[in-house]
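# Architecture and fold: a report
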Amino acid sequence: MKSAMFKSIVAIAAIAILGASCKKEDTPTPPVTDPYDNLYKIAEMPATGSTLTVALYMDEAPFTGYNYVYAVVKDAAGNVVESANVSYMPMMDMGMMQHSSPVEQPVWDADIKAMKGTVTFIMPSTTGTWTVKVMVEDQSTMQMGEATFPIDVIAPTEAKLFSFVSSVNQAKIFVALVQPANPKVGLNDFEVVVYQKTSMMDFPAVGDLYMTIDPEMPTMGHGSPNNVNPVATDNGHYMGKVNFTMTGYWKVNMEFFDNQHISMFDQGYFDITF
């Protein structure tokens, strides 16, 4: 009897141990992930003049057009500095001349844990050498530094930027496509941002224009209904709606008017294929 009881106790203990072991295996410790894994990393380098480092990221490989640019500033211990003041200075060296490009200076993005801004590259690197200088200041220590990143800018298959000279006042205007980033059948947000070149270094946003859109499918010989012309929101951005009634190649034609409703340019367009 004692022998049978002893065997039962051993069996129960073995089952308990096995159960605990299985339970432990069923709940593995999740791996630590880099919050920037989904971004395209340009490089990471010291900010000269300080003990800070800067890592520069984008959503994808840099292209001619409107690019989101993220700067992650870290102190000497490797901690992300949320209170840093950061500014971008893009520059293209074409040998005989240099010029900048439109910029939206970065602000802290708590979701991404980085300083988020934009740079609109106005030409690809085939015509010169692009760099983006990142100037940083740690407000807690008053350290200031800068890091300059070489940038290889490609020309996308379907242009996301065009320029024109206004027939009204001969101003050089740049128009960059922001949305749709992932077009679909049906109504899509249609967003562009407009800048004017006032010097080789200055490209202020233009927020007082009017514009129309007229999408068409050249290969099918039709357009689409229910489109909404973009209107100014802020910082040179204009938001409307474009209706794609089927997949394929679309040409979104655009006409631009000044603040007196006088036509400036009527041959702008973006090609969108999905």
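Here is a short report on the structure shown in this document. Counting restarts for each chain, with residues numbered from 1 along the sequence as it is written. Only residues with pLDDT of at least 70 get local features here, since the model is predicted, and only at 80 or more are side-chain atom pairs given and counted; chain-wide, interface and lining totals rely on the full set of residues. Hydrogens and water are ignored here; the side-chain numbers use all heavy atoms of the structure.

We now examine the overall build of the protein chain. In terms of helices and strands, the protein chain carries one helix and 18 strands. The rule is simple: take the accessible area with a 1.4 Å probe, protein chains only, and divide by the maximum for that residue type; under 20% is buried, over 50% is exposed, in between is partly exposed. For the protein chain, the proportion of its 274 residues judged to be buried stands at 38%. Two residues qualify as a contact provided that any one of their heavy atoms is within 4.5 Å of a heavy atom in the partner residue. Within the protein chain, contacts between residues at least 6 apart in sequence are counted, and of these 56% link residues at least 24 apart. Method for areas: the Shrake-Rupley scheme with a 1.4 Å probe, in which residue coverage is limited to the protein chains shown. Accessible surface, the protein chain as shown: approximately 15,000 Å² in total, 56% of it carbon and sulfur. Every helix listed is a DSSP run of H or I at least four residues long, and every strand listed is a run of E at least two residues long, numbered separately from the N terminus.

Once that is clear, we can look at the sheet that holds strand β3 (residues 65–74). Ordered by their spatial adjacency, five strands build an open sheet running β1-β2-β3-β7-β6, and the pairing between neighbours is antiparallel. Both edges of this open sheet fall to β1 (40–46) and β6 (103–109), since each of them pairs with a single strand only. The mean inter-strand angle of the sheet, taken between neighbouring strand axes irrespective of direction, is 20 degrees. For β3 and strand β7 (residues 114–121), the ladder comprises seven bridges, and the chain directions are antiparallel. For two strands to be treated as a pair, DSSP must find at least two bridges joining them. Helix axes are fitted to C-alpha atoms over the stretch in contact, other axes to C-alpha atoms as well, and angles between N-to-C directions run from 0 to 180 degrees.

One open sheet accounts for five strands, arranged β10-β11-β12-β16-β15; its pairing is antiparallel. The open sheet has two edge strands with one neighbour each: β10 (161–165) and β15 (228–232). Going from strand to strand, the sheet's axes swing by 25 degrees on average, the running direction of each strand aside. Sheet analysis places β15 next to strand β16 (residues 237–244), joined by three bridges and oriented antiparallel. The partner of A232 across the bridge, within β16, is Y238.

Next up on the list: the pairing of strand β17 (residues 249–257). Note on strand geometry: in a regular strand, side chains alternate between the two faces of the sheet. Taken together, the seven bridges between strand β13 (residues 210–217) and β17 define a ladder with antiparallel strand orientation. If you follow T212 over to β17, its bridge partner there is E255. Bridge analysis of β17 against strand β18 (residues 263–273) gives eight bridges, and the strand direction is antiparallel. In the sheet register, N253 faces β18, and the bridge partner there is Y269. Connecting β17 to the antiparallel partner β18 that follows it, the hairpin turn spans five residues, and H261 within it adopts a positive phi of roughly 65 degrees.

Attention now goes to the environment of D111. Along the chain, D111 turns up in the loop between β6 and β7. The exposure class of D111 is exposed, given its relative accessible area of 76%.

Here, nonpolar core means buried Ala, Val, Leu, Ile, Met, Phe, Trp, Tyr and Cys residues that are tied together by side-chain atoms lying within 4.5 Å of each other. Core analysis: the biggest nonpolar cluster contains 33 residues, and V86, Y88, V134 and I151 have the highest contact counts within it. Put simply, the parts of the chain that give this core at least two residues each are β2 (53–58), β3, β4 (84–93), β7, β8 (129–138), β9 (143–151), β11 (172–179) and β12 (186–197). Apart from the residues lying within four places of it in its own chain, the contact partners of V86 are A71, V73, Q105, P106, M115, V134, M135 and V136. F164, A171, V194 and V242 belong to the second-largest nonpolar core, a separate cluster that totals 24 residues.

Okay, the packing of aromatic side chains next. Aromatic pairing here means that ring centres of Phe, Tyr or Trp (its six-membered ring) are within 6.5 Å. Orientation follows from the plane angle: under 30 degrees is stacked, over 60 is edge-to-face, and everything else is tilted. Per the counting criterion, the structure on display carries 10 aromatic pairs. On the basis of an interplanar angle of 50 degrees and a centroid distance of 5.4 Å, the ring pair of F244 and F274 is categorised as tilted. Here F274 lies in the segment after β18 and F244 lies in strand β16, a separation of 30 residues in the sequence. Residue classification places F244 among the buried positions, given a relative accessible area of 0%. The rule is short: NZ of Lys or CZ of Arg within 6 Å of the ring centre and within 35 degrees of the ring normal puts a charge over the ring. Between K160 and the ring centre of F63, over which it is positioned, the NZ or CZ distance is 4.6 Å. Residue placement shows K251 over the ring face of Y269; its charged tip is 4.4 Å from the ring centre.

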